[in-house]
Amino acid sequence: MRKPQHQISIWEQEAFYASQDIVIIGAGFTGIWTALYLQQKFPSKKVLVVERGATSAGASLRNAGFACFGSPTEILSDIALMGNEKAVQLLAMRFEGLRIIQKLFANGAIDFNICKGYELLDNEQCLDRLRTLNEWLYEITGSPETFSLQDDLIARFGFAGISHLVENRFEGSLHPGKLLTELHRMAVKAGVRFLFCTEVREVKETPSGIKLTMTSGPALLTDRLVYCTNAFSSRLLPKIDLVPARGQVLLTAPVSGLQFNGTFHYQEGYYYFRNLDDRILLGGARHTSLQTEYTLDEFTTLPIQQALEHFLSTVVLPGQRPEITHRWAGIMAMGTEKMPVIEQLTDRSFCALRMSGMGVALAPVAGKKIAELM
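Residues numbered from 1 in each chain as written. Predicted model: local features only at pLDDT ≥ 70, side-chain atom pairs only at ≥ 80, totals over all residues. Heavy atoms only, no water.

Our next topic: the packing of aromatic side chains. One pass over the full model with this rule turns up 20 aromatic pairs. Centroid distance tyrosine 118 to phenylalanine 264: 5.0 Å. Interplanar angle 15°. Geometry classified as stacked. In this pair, tyrosine 118 is assigned in strand E4 (residues 117–121) and phenylalanine 264 in strand E13 (residues 263–266), connecting sequence segments 146 residues apart. Phenylalanine 264 carries the same exposure label as tyrosine 118, and that label is buried. Ring geometry for tyrosine 266 and phenylalanine 311: centres 5.3 Å apart, planes at 25°, overall stacked. Residue tyrosine 266 is found in strand E13, and its partner phenylalanine 311 is found in helix H9 (residues 302–316); the two are separated by 45 residues along the sequence. Through successive ring pairs, a cluster of aromatic residues spans Tyr118, Phe157, Phe159, Phe260, Phe264, Tyr266, Tyr271, Phe273 and Phe311. Lysine 45 extends its terminal NZ or CZ atom over the ring of phenylalanine 42, reaching a point 5.8 Å from the ring centre. (Phe/Tyr/Trp six-rings, centres within 6.5 Å; stacked < 30°, edge-to-face > 60°. Helix = DSSP H or I, 4+ residues; strand = E, 2+ residues; numbered from the N terminus. Buried < 20%, exposed > 50% of the residue type's maximum accessible area, 1.4 Å probe, protein only. Lys NZ or Arg CZ within 6 Å of the ring centre and 35° of its normal.)

An order of E5-E6-E4-E13-E14-E15-E12-E16 is seen for the eight strands of this open sheet, with the pairing classed as mixed. With one partner strand each, in any of the chains shown, strand E5 (147–149) and strand E16 (324–334) form the two edges of the open sheet. On average, each strand axis in the sheet is inclined to that of its neighbour by 25°, with strand direction left out of account. (Pairing = 2+ DSSP bridges. Axes fitted to C-alpha atoms, helices over the stretch in contact; angles between N-to-C directions.)

Core analysis: the biggest nonpolar cluster contains 64 residues, and Ile24, Trp33, Leu38, Ile101 and Val226 have the highest contact counts within it. Not counting chain neighbours up to four residues away, the residues in contact with leucine 38 comprise Ile22, Ile24, Val226, Ile370, Ala371 and Met374. If you look at the next biggest cluster of nonpolar residues, it comprises 28 residues, including Val255, Phe260, Tyr266 and Ile324. (Core = buried A, V, L, I, M, F, W, Y, C linked by side-chain atoms within 4.5 Å. Contact = heavy atoms within 4.5 Å.)

With that settled, consider the pairing of E4. Most of E4 is tucked away: five of the five residues are buried. Inspection of the sheet shows E4 paired to strand E6 (residues 164–168) by five bridges, in the antiparallel sense. If you follow glutamate 119 over to E6, its bridge partner there is valine 166. The sheet contact formed by E4 and E13 spans four bridges and is parallel. When the sheet's bridge partners are listed, glutamate 119 is paired in E13 with histidine 265.

Even without being glycine, glutamate 268 reaches a positive phi, approximately 60°. Its place among the elements puts glutamate 268 in the loop between E13 and strand E14 (271–276).

Where helix H4 (residues 84–104) meets helix H10 (residues 359–373), the closest approach of the two axes is 7 Å, and the angle between their N-to-C directions is 90°. Classified by the interaxial angle, the pair formed by H4 and H10 is roughly perpendicular. For the pair formed by H4 and H10, the contact residues are Leu90, Met93, Arg94, Glu96, Gly97, Leu98, Ile100 and Ile101 on the first element and Val360, Ala361, Leu362, Pro364, Val365, Lys368 and Lys369 on the second. When the residues that make up the contact of H4 with H10 are grouped by side-chain class, the tally is 10 nonpolar, one polar and four charged. (Parallel < 35°, antiparallel > 145°, perpendicular 65-115°, else oblique. Nonpolar A, V, L, I, M, F, W, Y, C, P; charged D, E, K, R; others polar.)

Turning our attention to the pattern of salt bridges. By the definition in use, this model includes 16 salt bridges. Notably, a salt bridge pairs arginine 52 with glutamate 298, separated by 3.8 Å at the nearest N-O pair. Here glutamate 298 lies in the loop between helix H8 (290–293) and H9 and arginine 52 lies in the loop between strand E2 (47–50) and strand E3 (66–67), a separation of 246 residues in the sequence. Here aspartate 223 and arginine 348 are joined by a salt bridge, their closest N and O atoms 2.4 Å apart. Taken as a pair, aspartate 223 in strand E11 (residues 220–227) and arginine 348 in the loop between strand E17 (341–344) and strand E18 (349–353) lie far apart in primary sequence, 125 residues in all. A single salt-bridge network, built from bridges that share partners, covers Glu74, Asp78, Arg94 and Lys338. (Salt bridge = Lys/Arg side-chain N within 4 Å of Asp/Glu carboxyl O.)

Now for the packing of helix H3 (residues 72–82) against helix H5 (residues 130–141). Running from N to C, H3 and H5 cross one another at 80°; their axes reach a closest spacing of 11 Å. Between H3 and H5, the angle falls in the class roughly perpendicular. For the pair formed by H3 and H5, the contact residues are Pro72, Ile75, Leu76 and Ile79 on the first element and Leu130, Leu133 and Trp136 on the second. A breakdown of the residues in the contact of H3 with H5 according to their chemical character gives seven nonpolar, no polar and no charged.

So, about the environment of threonine 198. Within the secondary structure, threonine 198 is located in the loop between strand E8 (193–195) and strand E9 (200–206). Put simply, threonine 198 and glutamate 337 are 139 residues apart on the chain and 31 Å apart in space, counted from C-alpha to C-alpha. The contacts of threonine 198, once residues within four sequence positions are left out, are Val50, Glu51, Arg52 and Met214.

With that settled, the discussion passes to the pairing of strand E15 (residues 279–284). The buried fraction of E15 is high, at five of six residues. Both E14 and E15 contribute to a ladder of six bridges, which runs antiparallel. Residue pairing in the sheet places leucine 276 in a bridge with arginine 279 of E15. Remark: two residues form the turn of the hairpin made by E14 and E15, two consecutive strands paired antiparallel; aspartate 277 in that turn has positive phi of roughly 55°.

What follows is about H10. One full turn of an α-helix is made of 3.6 residues, so residues set three or four places apart face in the same direction. With 15 residues, H10 extends 20 Å between its outermost C-alpha atoms, agreeing within 8% with the 21 Å of an ideal straight helix rising 1.5 Å per residue. Most of H10 is tucked away, with 11 of its 15 residues classed as buried. The set of residues buried in H10 consists of Gly359, Val360, Ala361, Leu362, Ala363, Pro364, Val365, Ala366, Gly367, Ile370 and Ala371. Lining the buried residues of H10 we find helix H2 (29–41), E3, H4, E11, E17 and E18. (Expected span 1.5 Å × (residues − 1).)

Encoded structure:
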């Protein structure tokens, strides 16, 4: 017996499944920023965002809530990988993105707090480069001293095994859930529509338009398409230089007497932590088992979680083992370099991908650049 076709009402057809002007695949930070900029640029056009999940849980809702643009050792690693010009360009993009967020949400709706960022150093290898880094960053931050040495805070914060502490007064934190909620609210108000729990199985482009076939439900027709699928791009865009990378996180129960506040990085950002309402949110340790973490599996693993707990009890809270109340994992997108892929792919399609773990800061700039391209 022939399987019945998926049936929809006239209301669904006209509100969501009619031919669209622009479809964006992915409702994470990059997708919603892109939708917002495009709807503002083309207010009369129909803009639709398609999201495979019930929420945007790839990386946008699974990160640590850092509003950061790069610690000294991470920047130096990027320079070695990409060269000075590209690395500084990437820093400028991240800084611009954070400024856009700060300006747009100055009312405190997303808990944006410039609480300062810090890097923990266990040696002196990068200290002689701080002056050079500050000179490069002057053109971006406007400050002659973006990074400053704050070794006197180590004892007060209670860290162990640390030789130096470098402060960045321009960095801070935010609430990713509140940021995504506010962006969604603004996008809907501007006229953007959303389809959640809708996964794209196939994309076919013709001279007259693009057809999106879903894993279930009716197909969509659109004039323009933007891929904002980040780590989940390989099936639809197999030729893009991109690999998924899992980031694991844990959260402790409240710890009495915490003396530190801010966002903290260690070992090129492979460890990161913050004080979240007197709880320690700690993530990273991916470098302790890199090959296993190149995956789309969104669950935590014992080896990485043990590495995080070891770092917690030896460096952050030496000698203490607080209760762990939450563990989770998110999927980032990495590549041979950290510059995001923001480009036109065909006459009708575009992409904004590979945020390299800095999607919070890069997404506003990526969305703006897509709007400029279209």
